[in-house]
Amino acid sequence: MSTEIKYLGHSSFQVLTNNKSILMDPFLTDNPTATTTADEIDADVILVSHGHYDHVADVEAIAKRTGALLIANYEIVTWFQNQGITNTHAMHIGGQHVFAFGTVKLTIAHHGSCLPDGSNGGQPTGIILKTVDGTIYHAGDTGLFLDMQLIADEDIQVAILPIGDNFTMGPADSVKATAFLKASTVIPAHFNTWPLIEQDTDRWQQAIQSETTAQPVVLSPGESFLLQKP
Ligand code: NI
Ligand code: MN
């Protein structure tokens, strides 16, 4: 048995675990790098890190079609309830909850979180997802922060970190973040979607290998990493 972490492009991931499909920050329709569509993706759960369009764009359509459980901070959940989404679970930073598919804990992130219509999306978050096969940390959009050393206490197997720069941390800070998190594996996100956030992933991989103990795994949209119990 293993947990599959499939990259959907930008910051979107599908985690297949315990016979459930968990989407993180689904952004497919207007994502130039996406290899799947909002009409065809399966979802039992949707996790959202913050309110920005490139993280929530397809949440409403997928949630309404599939009936998936939407989990996010209180402000984002309330906004989607007003769009007619009823299967929701609100959480907030520092809080953890045990679900049938795994355990979710929200962390801080240093970023913004306004929703597509300008509504207040509360504080942005990172997402810790504890599966039967190990713990995944999706940092969302954030700059580097020293408290990632506390997140390391959660025993992170896979860290998903933004490396695109400009809106989030760039490659150099993501190397420091990887060291703070003591993650076994690090997967880059939030890069190469548009020219403004283009990055050289070969150079990034070399930096991770020479400066941390983590294994860098660069996924193209549609590719997966298998998380297996050690
Ligand atoms: Ni953002
Ligand atoms: Mn973003």
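Residues numbered from 1 in each chain as written. Chains lettered and ligands numbered in written order. Predicted model: local features only at pLDDT ≥ 70, side-chain atom pairs only at ≥ 80, totals over all residues. Heavy atoms only, no water.

When its secondary structure is counted, the protein chain shows six helices and 14 strands. Since a compact globule built from 230 residues should have a radius of gyration of about 17 Å, the 16 Å found for the protein chain is in line with a globular shape. Overall, the protein chain is about 50 × 40 × 30 Å in size when its C-alpha atoms are taken along their principal axes. Here the protein chain holds 230 residues, and 55% of them are scored as buried. Partitioning the contacts of the protein chain with sequence separation of at least 6, the portion at a separation of at least 24 is 58%. Per element, the accessible surface of the protein chain, about 9,500 Å² overall, is 47% carbon and sulfur. Within the protein chain, one finds 10 positive and 25 negative side-chain charges whose respective centroids are separated by 7 Å. (Helix = DSSP H or I, 4+ residues; strand = E, 2+ residues; numbered from the N terminus. Rg over C-alpha atoms; globule rule 2.2 N^0.38 Å. Buried < 20%, exposed > 50% of the residue type's maximum accessible area, 1.4 Å probe, protein only. Contact = heavy atoms within 4.5 Å. Areas by Shrake-Rupley, 256 points an atom, 1.4 Å probe, with all protein chains shown as cover. Lys, Arg positive; Asp, Glu negative; His and termini not counted. Charge placed at Lys NZ, Arg CZ, Asp CG, Glu CD.)

With that out of the way, let us pick up the nonpolar core. Counting residues in hydrophobic clusters, the biggest one holds 48 residues, and the most contacted among them are I5, L47, V104, L129, Y137, L161 and I187. Core analysis: the second largest hydrophobic core is formed by 21 residues, V48, A72, V77 and I85 among them. (Core = buried A, V, L, I, M, F, W, Y, C linked by side-chain atoms within 4.5 Å.)

Below, the discussion takes up the sheet that holds strand β5 (residues 69-73). Strand order in the open sheet formed by seven strands is β6-β5-β4-β3-β2-β1-β14, and the pairing between neighbours is mixed. A strand with exactly one partner marks an edge of an open sheet, and here the two such strands are β6 (88-91) and β14 (224-227). Direction aside, the axes of adjacent strands within the sheet are offset by 20° on average. Contacts from helix α3 (residues 74-81) reach β5 and β6 within the one sheet, and its direction differs from that of β5 by about 135°. (Pairing = 2+ DSSP bridges. Axes fitted to C-alpha atoms, helices over the stretch in contact; angles between N-to-C directions.)

Next up on the list: the coordination of the manganese ion (ligand 2). Each pair of donors in an ideal octahedron of six around a metal sits at 90 or 180 degrees, and each pair in an ideal tetrahedron of four sits at 109.5 degrees. Surrounding the manganese ion (ligand 2) are the protein donor atoms D54 (OD), H55 (NE2), D141 (OD) and H190 (NE2), at 2.1 to 2.2 Å. We note that the donor set of the manganese ion (ligand 2) lies within a single chain, spaced as D-H-x85-D-x48-H. Separating the manganese ion (ligand 2) and the nickel ion (ligand 1) is a distance of 3.1 Å, and D141 donates to both of them. Placement of the pair is H55 in helix α1 (residues 53-56) and H190 in the loop between β12 (185-189) and α6 (201-211), with a sequence separation of 135 residues. The pair H55 / H190 is uniform in exposure class, with both members buried. (Donors = N, O, S within 2.8 Å, 3.2 Å for Na, K, Ca; no water.)

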